[in-house]
Structures are given as C-alpha cells and as structure tokens.
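Architecture at a glance
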Amino acid sequence: MLLLRHPFSLLAICLLVLVGVLRSYSPPAPLGADVPNVVFSAVRAEAILRELLAENLPHVSGSPQNAMVRDRIVAQLESFGYQPEIQSRYHCNPMFGSCSPVENIIAVKPGEAGEGAVLLTAHYDSGWVAPGAADDGAGTAAILEIARMAAEFPSFENDIVFLITDSEENGLIGADAFAEHHPLFPGVKAVINLEARGVTGPSGLFETGEGNRRVIRMFADSVERPYGSSLVYEIYKRMPNDTDYTVYKRKGVMGVNFAFAQGVAVYHSAIDDLDHLDMGSLQHHGDNAWGMTKAFAERNLDSVVSGEDGGYIDVFGKWLVHYTVSITHGLALILGVWVMLAIGLAFRKVFRFRQLRWGLVAVPFLLLTIALGGYLLSWPLGHWPDLHPLEHPSPWVGRLALLLMVALAGYTTLKLFTGKVSACVWLVIAWALVFILAMRLTSFMPTASHIALLPLALFALGSIVDLFRKKSAAPLLVASVLGFAGASFISFYHFFMLDVVMNFDQSLFRAISLWMMALVVMPMLLAFVKDRELTWQPARWLLVAVLGACLVHLFIPGYSSERPRDMTLMYSEVEGEASGYIVLESIFKRHDRKYAEGHSFEMQELNSGQLGTVQRPVREVDSIGLPGIRIEELSAAMEGDGFSREFDISVPGDGQFLRLAIPKTAGLEKAWVNGELALDNSLESKHKRWVDTLQVMYPEDGKVKVELLSSSPDAFTMAAVTWHELPGILIAPFMGNWPDDARPYLYGPRAEKIQEYEFGAIQAVAVPP
Ligand SMILES: [Zn+2]
C-alpha cells in the first residue's frame, strides 16, 4: 500500500517545508555601505532616511516640518546630479473629497529612445502622528538610493521618472495632481510604487495593473527574492485600501506595487520611526524596485500589458511559480484526470466500494473537526486575551496550539476510522476533493488556482516516478509524499499569510488553511496504522498539549512597547454645549481598561462630527470654547436639473484641518473647493460612504469657498470639524500611569471643535414667461 517505513519522515518533510515557507516571510539581510556603488545598500538608504527625518517628527503635508523634508529630498537629488522640479499646487482628489497643498518632487533620468517613461514612486508625507520612517520613508529612501545608483549608469532605453509625492495620506492627492496636471504623466507607461503597511517583513508584490501576465514574468526574472501571491492581490482588490498606484491604475497604466506588511501595530503610530524600521525590509524594497526599474527601463513599454492576467506564488522566496490564467482550466482537467487515473490503476485490486461509504463520513469528520477546533480555540487564543485586531506580537504559542489541535483532529480520525476506511479510499476522496477545488477555482478565481494545481502537479509528477517502481509494495508512495509536500506548502503559506490580516480571534480561518495538509497526509497515516492497535492515550496527551499551549498563550501580552495598542488623548467639544470632553481615543476600540478606570474615564456616546455618534471613554470637563468656523452663504439656486449652493468658510487662525460632513439625504453629486473639483460621487471607489465628507487641509489664508451640487432641494444639516493644538495643561493630569504598551495612532492628540450648520430648502423658482 502506501507504507512508509517511518511516519516521522512525513514530519521531517513538513518541517522542511515550514522552514522554507518561513523564509518567504522574512526579508533579506541588509547590505552594508561597502557593497559596490551600483548595488542597492539598505545601510546607505538608511543614512539618507536618517537625514530626511532628522527631527523624527510627523510631517503631514502642508506642515512646516514637511517642507523641511521636501528641501532635504531636493538637496539629495541635486547632490546626485539631477535637477529636481517641484510640482506645487493646492489640489483635491475628487475620489476622496480631500484637498491639501501638494509639493511633488520630480527628477528625470532621460533615456536613449525617450519614447516612454518608467515612473518610480513613493510618498514623503506622513500621517498626523507618525514620523513615517516605514510609511513611506523607506520607499522614499529606497528611491533616492536608486536615483543615486541610476546616475552612475549610462542612459537606459526609456526615461526614468523619480516621483516623490506629497499628500498620499490624505487621499492620494499628490499622485492625483501629478496624473491630472503634470506634462510628464502622459508618457508614463509603467509604474513602480513602494509602500508600507507595517515596519518589517518582506517587501511583496501585492498589486499590478490589469493584464499582468508579462509583468509577472518580468518580476520572476528580474528580482533576487520574489515574494508575493496572486491570492493576496485578489484579497487586496476587495479591501478598502488604496495607494498612490490606485490613481495611475485607474488611468490604465501598468505597474507593480510593493509593500511590507508585518508589524502592523506600529503602522501610522507614533513609533513608526527609524528605530522600528527593519533594515531587511528596506533592502528588499530597494532590490525589488531596482530590479524592476532596470527591467522596465530596457524594454519596449508598449508591450508590457498582456491580454490576460497571470497567477503566481513564490516558493520559499526563491522562485516564483507563475502561469497564464487561460491554461488553468485545461491544466486542472488534465492533472486531475491523471491523478485520479493513477490512483485508480494503482489500487484497482484493493479498492472496496463498501469502504467508500465510511470514507465519505471520515473525510468530512476530519475537516469539520479541524474547523470546529479552530472555532473553539478562537476564544482562549483570541477573544479572551486583549489583542490587536490584526497581528500578535508573539504568535508562536498560539500557532502551536492550532497545529497541535490539527494533530489531535488527525489522530482522533485515525483512531475512529482505522479498519473502516482504507488508505486507498481516503486517497481517492482526498484527491477528488483537490481536483474539484481546482475546477472551482479555475472558474471563480483563476489566479488562485495554484492552491489546488500545485499539489495536483506534484502528485502527478510523483506518479511518474512511481511508474518505475512497479514492483514496490507501496505504489504511489512518491506521488503521495510529493503531493503532501505540495499540500503542506500551500497550507503553511496561507497559515502565515493570515498572520498580518487577522488575529487569533479568527482562528477558524487559520485552522481551515491547514485543511489541505491534513487531508492529504491521512492515506499514508492510515496505511501506517493499519495493523496497529491505537489507543486513546496519544489523543489525551495532544489535548493536554493544546490546552497547555492555550494557557501559556493567555499569559503572553497581546501588546508591547514595540507592538503597541492605539490610544490617543484628545479633546472634543460641540459648539453651544457647556461641557467638552477629554477623550481616550482608540480607533480599534481597544483602549487599556485599567488605565481608563484609574483615571475614571467612562463610556459615553459622543458627537462623531460626522452627523452620528461614537462610543468613547471620556472625562467631562468645562468647554474651553475653541474658535470655530464662520459660514457665509453666497447663493442657493436651481442649476440645470440639480441644486447648487455656494458658501464661504473662514477657518480660525490655527486651523490646519477642516472636515465637512453632508448627509446622504442632501443627494450630493459633486463639490468644489476654491473652484477645484473636490468630490465626484459618480467616480467608482472601493469605499462605501455613509455620509459625504469634504476634507480641507491647510486652507490657503484660512479661506475656503465651497460649491455643492446636489439632486435634492431639501434642507439639511452639515457638520463641520476643525482641529486645533491640544493645550498640554488639559491632558497633563492624565499622563500618570500612561501604559508603556500604548501609543498615539493615526490622528494623534488634538483639540476638535464640532459645529453644525442648517441649510434651508432651495425654492424652485418659476421661470417668468
Ligand atoms: Zn503610505
């Protein structure tokens, strides 16, 4: 049958695959400043970044701090021999209803042919509270290091445009300004964008343009350490996340988008600084970007877009398996039929239909037990401990609990069904399921079909070897072992992939990612235990081990000073109300309860400033009477078949931020800020809005002219929020016992003023005859 001399050899294969997969999820070692000038060095890039972020302060676009960073980038480019240009304008991105000053930095290395340009881009602005060393200082520094290297090269075929954008964080405003207004943009035929959603981990290819078949092949050929999977791309497409590349992609420009995504607790937090940035991630960013830059720079850019997409997955960060989607259907059919035939031929004499019935009970039993185990473990591993929603700082014990649970489910299945289900029956059902999965994937998500195709292909390959071992007592042993290696690879790859998109409260999905491995290993185990007497003892030990791991996991803190929880002290008041509030803001709603109780914060419904409410822990204080905006209505009239309102807003002196919220009942179609189209609701976006918002940063001279075009003449209430400096004295009493594992996140400390303003109905005026 499928007799292995030792089932521990399966464990060894499993561990080898695990080590390989872990290599995928770790960045390369950073290269020192001693490597040749034409090799990317993270140490040199870090030195550049250290200079850019000398003060280690946030530098939101429009701020004086950001102007300093801008000047330093310009100086760097000049020192490499470029003549950088600054694209300067006050711009709005109508996809997000967001406006801010923009100072994009552009440098060009002209090509020989000059027929198309490669755009290498990252953004230099940061969020409100993060110094932005990873997001997107790493991308910026990588591009500067590449600009330095490129300057040492003779001209490439194509132009290379280095674009360090501004105001990405506020809604891709700099990228939109470049695409809408810069004369270089129409020549851009390929984009390389560098981003971060954490501070460590490998830099992976997570997005491309439509028709990426050729670009995927270029990626496979041009980078040392490819990391990425087309399933991640499918997931990203469905997530409400965007980067600068979104702007160019919507205009049909081909591109590759790289990001590192581990250490997500630090992302957009006050400690996204140089001390927390992984130099390996920076190295990987640079290697990827430089590899792709050279590839695009020497290629006819008119031929980079294919008629179809490719699927891909990296193997151990070493090779990239990639395929054209159009072949997946045929390939699945051929491989599936082959595998089923191989199994049928090898076992035609021992196959018993009677056992098939037990098999149809046993296989679902195993899969459901694993799912149930994952579901149950989500309490001790996820719901009970206090955890970040996305990533655990010390995940190994939790992972071990899940792996042991799968072993327990496997052993229980063996114990219950040995003698009733033969190895060959399980083999038939297991690989039939993989075959069915392959066929489903090729029709519904063809770029993810490698999930089933890869194990099928390895099994098929092994079956050829088995053909030459005809007399063996274990037909299809090589096929089974190779198929198992493929299945473990797929299982582990996705088990770790889920690490940075969900925490252990979603253990059900983590457990399901191990299905394939468990399913495929069983025939070999069934064959091994066939004539052995199994006892319940190992199951008991496994259960104790699972519970023990859960217990240990419960004692591991879910936050640390290196992977902090998000917690910000801010102040909020609503105009006309006598009291204001010190708010303990946690965007993920996971504030430190002990701290909150210690300072007598109590949960309360607050005005969210977006015509709704939000639950936050607060301390009520006397209103400090922040200055507010003044609105002067200029006109309200019917215009075509819509209704237009114009008004002027004066923003108080220190106002750096203004957000208007307009209810959906107003039927807003478009909005203009200072004559610029600021919001266009007809544009398709990944974001679903419950309320329309207009965000204006650093308004020029504190004056904003707004025009709204809506489909309804009805009256409505608009909410306006302005941000002001938070008086230190307000929060000083609350700084005692500030938890070491908590950091301000996203918007950071601020004093917020909320005002509401009524617009009357527009009277439809009868046109005089
Ligand atoms: Zn970013």
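Data block above holds the structure.
From a predicted model like this one, the values you see are computed outputs, not experimental measurements.

1. Comments concerning the environment of Ser 269
- Of note, Ser 269 is situated in the loop between β7 (254-260) and α9 (279-297).
- Here Ser 269 falls in the buried class, since its relative accessible area comes to 1%.
- Sequence spacing of Ser 269 and Trp 128 is 141 residues, and the spatial spacing of their C-alpha atoms is 9.0 Å.
- Once you skip the residues sitting within four places of it in the chain, Ser 269 turns out to touch Val 129, Ala 130, Pro 131, Pro 744 and Tyr 745.
- Side-chain polar atoms of Ser 269 contact the backbone oxygen of Val 266, separated by 2.8 Å.

2. Looking at the side chain of Ser 712
- Relative to the assigned elements, Ser 712 resides in the loop between β21 (703-710) and β22 (716-724).
- Not counting chain neighbours up to four residues away, the residues in contact with Ser 712 comprise Phe 643, Arg 645, Thr 665 and Ala 666.

3. Things to note about the nonpolar core
- Membership of the largest hydrophobic core comes to 91 residues, with the highest contact counts inside it found for Trp 426, Trp 431, Phe 484 and Phe 489.
- What Phe 489 contacts, discounting residues up to four positions off in sequence, is Val 17, Val 21, Ile 313, Asp 314, Val 315, Phe 316 and Leu 454.
- Of all hydrophobic cores here, the second largest spans 67 residues; its members include Ala 42, Leu 194, Ala 295 and Val 304.

4. Examining the coordination of the zinc ion
- Coordination sphere of the zinc ion, protein contribution only: His 123 (NE2), Asp 135 (OD), Glu 195 (OE) and Glu 195 (OE), at 1.9 to 2.5 Å.
- Around the zinc ion sit four donor atoms; with metal-centred angles ranging over 54 to 138°, the donor geometry is irregular.
- Spacing between the donor residues of the zinc ion along the chain follows H-x11-D-x59-E. Here the residue Asp 135 occupies a position in helix α4 (residues 133-151), and Glu 195 occupies one in strand β5 (residues 188-196), the gap between them amounting to 60 residues. Comparing Asp 135 with Glu 195 shows no difference in burial state: the two are buried.

5. Let's talk about the layout of surface pockets
- Space inside the second largest pocket adds up to approximately 940 Å³.
- For the lining of the second largest pocket, the per-class residue count stands at 27 nonpolar, one polar and no charged.

6. Section: the packing of helix α10 (residues 328-346) against helix α14 (residues 450-467)
- In the contact formed by α10 and α14, the axes pass within 9 Å of each other and the chain directions differ by 45°. With respect to each other, α10 and α14 are oriented oblique. Here α10 and α14 pass one another in a crossing that is left-handed. Residues Thr 328, Leu 331, Ala 332, Leu 335, Gly 336, Trp 338, Val 339, Ala 342 and Ile 343 of α10 form the contact with α14, whose own contacting residues are Leu 453, Leu 456, Ala 457, Phe 459, Ala 460, Ser 463 and Ile 464.

7. Brief notes about the state of the cysteines
- A complete count under the given rule lists one disulfide for this structure.
- Paired through a disulfide, Cys 92 and Cys 99 show a sulfur-sulfur distance of 2.2 Å. Negative torsions about the S-S bond denote left-handed disulfides, and the value of about 105° found for Cys 92 with Cys 99 makes this one right-handed. We note that Cys 92, like Cys 99, is buried.

8. Quick word on empty space enclosed by the protein
- As enumerated under the stated definition, the model contains two cavities of 30 Å³ or more in all.
- The volume enclosed by the largest cavity comes to roughly 40 Å³.
- In terms of lining residues, the largest cavity is bounded by Leu 49, Leu 52, Leu 53, His 59, Val 69, Ile 73, His 123, Tyr 124, Gly 132, Asp 136, Gly 137 and Thr 140.
- Mapped onto the lining of the largest cavity, the elements with two or more residues apiece are α2 (42-52), α3 (64-79) and α4.
- With three residues, the top contributor of residues to the lining of the largest cavity is α4.

9. With respect to the sheet that holds strand β15 (residues 630-639)
- Strand order in the open sheet formed by five strands is β15-β16-β21-β18-β19, with antiparallel pairing between adjacent strands. At either margin of the open sheet sits one strand with a lone partner, and together these are β15 and β19 (676-680). Here the average twist between neighbouring strands, direction ignored, is 20°.
- Examined bridge by bridge, strand β16 (residues 642-650) and β21 share eight bridges and lie antiparallel to one another.

10. Concerning a nonpolar patch on the surface
- A surface patch of nonpolar side chains, about 900 Å² in accessible area, is lined by Leu 372, Tyr 375, Leu 376, Trp 379, Trp 384, Leu 551, Leu 554 and Phe 555.
- Among the elements of the structure, α11 (353-383) and α18 (537-555) are those that each provide at least two residues to the nonpolar patch.
- By residue number, the principal contributor to the nonpolar patch is α11, which donates four residues.
- Turning to its location among the elements, Phe 555 is positioned in helix α18.

11. Observations concerning the pattern of salt bridges
- Counted by the stated rule, this structure contains 21 salt bridges.
- Between Arg 565 and Asp 386 there is a salt bridge, and its shortest N-O distance comes to 2.8 Å. Taken together, the residues span a long stretch of sequence, with Arg 565 in strand β10 (residues 565-566) and Asp 386 in the loop between α11 and α12 (396-417) at a distance of 179 residues.
- We classify Arg 565 as buried; its relative accessible area is 5%.
- Here Lys 753 makes a salt bridge to Glu 573, at a shortest N to O gap of 3.1 Å. Note that Lys 753 is positioned in strand β24 (residues 751-759) and Glu 573 in strand β11 (residues 568-574), a separation of 180 residues in sequence.

12. As for the side chain of Arg 44
- Summarising the element assignment, Arg 44 is placed in helix α2.
- At 3.1 Å, the side chain of Arg 44 and the backbone oxygen of Pro 36 are in polar contact.
- Setting aside residues up to four positions removed in sequence, Arg 44 forms contacts with Ala 33, Val 35, Pro 36, Asn 37, Val 39, Glu 145 and Arg 148.

13. Notes on unusual backbone geometry
- Cis rather than trans, the peptide bond between Asp 135 and Asp 136 has omega equal to 0°.
- Here Asp 136 lies in helix α4.
- Even without being a glycine, Lys 589 presents a positive backbone phi close to 55°.
- Inspection of the secondary structure puts Lys 589 in the loop between β12 (579-585) and α19 (593-598).
- In the Ramachandran plot, Asn 737 falls in the positive-phi region, its phi being about 65° despite a non-glycine side chain.

14. Description of the packing of helix α13 (residues 423-444) against α14
- The N-to-C vectors of α13 and α14 enclose an angle of 135°; their axes lie 8 Å apart at closest approach. When the axis of α13 is compared with that of α14, the two are oblique. Of the two elements, α13 crosses α14, and the hand of that crossing is left-handed. From α13, Leu 427, Trp 431, Val 434, Phe 435, Leu 437, Ala 438 and Leu 441 reach across to α14, where they touch Ile 451, Ala 452, Leu 453, Pro 455, Leu 456 and Phe 459.
- Looking at the contact of α13 with α14 residue by residue, the class counts come to 13 nonpolar, no polar and no charged.

About the thresholds
Residues numbered from 1 in each chain as written. Predicted model: local features only at pLDDT ≥ 70, side-chain atom pairs only at ≥ 80, totals over all residues. Heavy atoms only, no water. Helix = DSSP H or I, 4+ residues; strand = E, 2+ residues; numbered from the N terminus. Buried < 20%, exposed > 50% of the residue type's maximum accessible area, 1.4 Å probe, protein only. Contact = heavy atoms within 4.5 Å. Polar contact = N/O pair within 3.5 Å; in protein donor to acceptor, adjacent residues only side chain to side chain. Core = buried A, V, L, I, M, F, W, Y, C linked by side-chain atoms within 4.5 Å. Donors = N, O, S within 2.8 Å, 3.2 Å for Na, K, Ca; no water. Tetrahedral: all angles 85-135°; square planar, octahedral: opposite > 155°, others 65-115°. 1 Å grid on protein atoms, 1.4 Å probe; cavity = no way out; pocket = protein on both sides within 12 Å on 5 of 7 lines; lining within 4 Å. Points joined across faces, edges and corners; volume = space filled by probe spheres on them. Nonpolar A, V, L, I, M, F, W, Y, C, P; charged D, E, K, R; others polar. Axes fitted to C-alpha atoms, helices over the stretch in contact; angles between N-to-C directions. Parallel < 35°, antiparallel > 145°, perpendicular 65-115°, else oblique. Left-handed = near helix turned anticlockwise from the far one by under 90°. Disulfide = S-S within 2.5 Å. Pairing = 2+ DSSP bridges. Patch = residues over 30% accessible without salt bridge, like charges linked within 9 Å, V, L, I, M, F, W, Y side chains within 5 Å. Areas by Shrake-Rupley, 256 points an atom, 1.4 Å probe, with all protein chains shown as cover. Salt bridge = Lys/Arg side-chain N within 4 Å of Asp/Glu carboxyl O.

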